[in-house]
Amino acid sequence: MLHKDVLMADIDVDHWRNAQALLLSSAKAARRLVVIHEHGAVLKFRHTLGEPCEGAVETVENPHTLARELYELNRDKVDFVVVLERQAVDSYFAQVQNSWEIDEDLDSYVQRTYAAFDDYPDGIVTYPGPARQVMGMQWNTGVSLKEMNAAVRAMVPPETTVFLGVHDGDSLWASLVLDFDAEHKVTSITTVDPSLVDISGARDVVAGNVESWLRSLGKSLSITLVLDRDDAGSFLAASASDKARKVIELVAAGRATLHL
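Residues numbered from 1 in each chain as written. Predicted model: local features only at pLDDT ≥ 70, side-chain atom pairs only at ≥ 80, totals over all residues. Heavy atoms only, no water.

1. Here we look at the overall build of the protein chain
Heads up, the condition is: Counting from the N terminus, the helices are the DSSP runs of H or I reaching at least four residues and the strands are the DSSP runs of E reaching at least two. Throughout, a residue-residue contact means that at least one pair of heavy atoms, one from each residue, lies within 4.5 Å. Using a 1.4 Å probe, the Shrake-Rupley method yields the accessible areas, and only the shown protein chains count as cover for residues. When charges are counted, neither His nor the chain ends are considered; positive counts come from Lys and Arg and negative counts from Asp and Glu. In this description, the location of a charge corresponds to atom NZ of lysine, CZ of arginine, CG of aspartate or CD of glutamate.
The helix and strand inventory of the protein chain stands at eight helices and 12 strands. Referenced to the eigenvectors of the C-alpha coordinate spread, the extents of the protein chain come out at roughly 65 × 40 × 35 Å. When contacts within the protein chain are restricted to residue pairs at least 6 apart in sequence, long-range pairs at least 24 apart make up 62% of them. In the form shown here, the protein chain has an accessible surface area of approximately 14,000 Å², with 53% of it arising from carbon and sulfur atoms. Of note, the protein chain has its 24 positive side-chain charges centred 2 Å away from the centre of its 39 negative side-chain charges.

Set out below in structure tokens:
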């Protein structure tokens, strides 16, 4: 869905940060106990925040058993445990880098980087949950990439723009403006620019202001969806089959703005 040369420009820092907080979970921000070893000999045993942890070992015999035991011993201090074999990590990054194809969609490459964790089941071990569901940046959208692509093709006309927003109190709190090409690939990702459009006021008013601004830029706007912040999390958590029902309920309750 993401064009290989997707443009990201004129992004408002606050809106982008808030959107990321809703849409993504970062392993980098999680509390981790990291064990690095080479052929079983432990090279590093450390909590990412420097917290003292129980269960320090000098040798790794079974990384899966060790990861589970360390998590249980330190579950009040960690979100997950990762046990890495140094040469396996080097091989993983070499594999990912060598797999890149210049003409492929960006999200296809990103998805493959996560799938590649499965090729090192004993060298890159996390607990709880497999590495492909724990490491890096994980989407909090409630849908798979396949389901996302299917929804875009079904709902978004080619060569149009989609405006997604989250309203909080009396102002727009987060936003995404996505341009799609004739093949339903995202060619541009940006946010609303608060210096150019009034984002304060009631949700419907703000949505109208943004729509007028986007059309003044020559955008062919096909979908506007603005949710109240209190409802954004539950909408994202809903499954693909439940998302449409959730939007209908929120619009009917006056807690979302939807223009098609």
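2. Let's talk about unusual backbone geometry
Excluding glycine, residues mostly have negative phi values, and the peptide bonds linking residues are mostly trans. Here is the rule we go by: Each residue is placed in one exposure class: buried if its accessible area under a 1.4 Å probe, protein chains only, is under 20% of its type's maximum, exposed if it is over 50%, and partly exposed if it falls in between.
Look at the link from Y127 to P128: it is a cis peptide, with omega at 0°. Along the chain, P128 turns up in the loop between β6 (124-127) and β7 (137-139). In this model, D10 sits at a positive phi of 55°, which is unusual for a non-glycine residue. Relative to the elements of secondary structure, D10 occurs in the loop between β1 (2-8) and α1 (13-23). By relative accessible area, D10 is classed as exposed at 66%.

3. Focus: the layout of surface pockets
Basically, it comes down to this: Note on definitions: the grid is 1 Å and covers protein atoms alone; a cavity is a set of points where a 1.4 Å probe fits but cannot get out; a pocket is an open set with protein on both sides within 12 Å along at least five of seven lines; lining residues have an atom within 4 Å of a point. Grid points are joined across faces, edges and corners, and a volume is the space filled by probe spheres set on the points. Residues are grouped as follows: Ala, Val, Leu, Ile, Met, Phe, Trp, Tyr, Cys and Pro are nonpolar; Asp, Glu, Lys and Arg are charged; all remaining types, including Gly, are polar.
Volume-wise, the second largest pocket comes out at about 210 Å³. Lining of the second largest pocket is provided by 16 residues; of these, A9, D10, T190, W213 and L217 occupy positions nearest its centre. When residues of the lining of the second largest pocket are traced back to their parent elements, those giving at least two are β1, β9 (171-180), β10 (186-190) and α6 (203-216). Looking at which element gives the most residues to the lining of the second largest pocket, the answer is β10, with three residues. Broken down by class, the residue content of the lining of the second largest pocket amounts to nine nonpolar, three polar and four charged.

4. Comments concerning the packing of aromatic side chains
Our working definition: A pair of Phe, Tyr and Trp rings is counted when the ring centres sit within 6.5 Å of each other, with Trp represented by its six-membered ring. The angle between the planes then sorts it: under 30 degrees is stacked, over 60 is edge-to-face, the rest tilted.
Taken as a whole and judged by the stated rule, the model has five aromatic pairs. Between Y92 and Y120 the ring centres are 6.2 Å apart and the planes differ by 85°, which places this aromatic pair in the edge-to-face class. Of this pair, Y92 sits in helix α3 (residues 86-98) while Y120 sits in the loop between α4 (106-115) and β6, and the two are 28 residues apart along the sequence. Since its relative accessible area comes to 5%, Y92 is described here as buried. Among the residues examined, Y120 registers a relative accessible area of 15% and is labelled buried. Relative to F117, the ring of Y114 has its centre 6.3 Å away and its plane inclined at 65°; by these criteria the two rings are edge-to-face. Look at Y114 and you get buried, because its relative accessible area is 18%. One aromatic cluster is present, built from ring pairs that chain together Y92, F93, Y114, F117 and Y120.

5. Re the sheet that holds strand β3 (residues 32-38)
What holds strands together in a sheet is hydrogen bonding between their backbones, with the strands either parallel or antiparallel. To be explicit about the condition: Strand pairing is assigned whenever DSSP detects at least two bridges linking the two strands. Interaxial angle, 0 to 180 degrees, is taken between N-to-C directions of lines fitted to C-alpha atoms, where a helix line uses only the stretch in contact.
Pairing in this open sheet of four strands is mixed, and the strands run β4-β3-β5-β6 from one edge to the other. Each of the sheet's edge strands pairs with one partner strand only, and the pair in question is β4 (41-47) and β6. Direction aside, neighbouring strands of the sheet carry axes that sit 15° apart on average.

6. Quick notes on the nonpolar core
Formally: Here the nonpolar core consists of buried residues drawn from Ala, Val, Leu, Ile, Met, Phe, Trp, Tyr and Cys, with membership extended through side-chain atoms lying within 4.5 Å.
One finds V156, F180, V186, I189, L227 and F235 to be the most contacted residues of the largest nonpolar core, which totals 25 residues. When residues of this core are traced back to their parent elements, those giving at least two are β1, α1, β8 (161-168), β9, β10, β11 (221-228), α7 (229-237) and α8 (240-252). Here the element with the most residues in this core is β9; it accounts for five residues. Ignoring any residue separated from it by four or fewer positions in sequence, one finds F235 in contact with L225, L227, K243, K246 and V247. One finds A27, V96, Y114 and F117 within the second-largest nonpolar core, a separate group that totals 19 residues.

7. Details of the pattern of salt bridges
Note the cut-off: Put simply, a salt bridge is a Lys or Arg side-chain nitrogen that is within 4 Å of an Asp or Glu carboxyl oxygen.
With the rule as written, the count across this model stands at 14 salt bridges. Close ionic contact of R17 with D14 constitutes a salt bridge, the shortest N to O distance being 2.9 Å. Here R17 pairs with D14, and both are found in helix α1, just three residues apart, close to one helical turn. The class for R17 is partly exposed, based on a relative accessible area of 45%. D14 gets classed as partly exposed once you look at its relative accessible area, which sits at 40%. In this structure, a network of salt bridges that share partners links the residues R203, D204 and D228.

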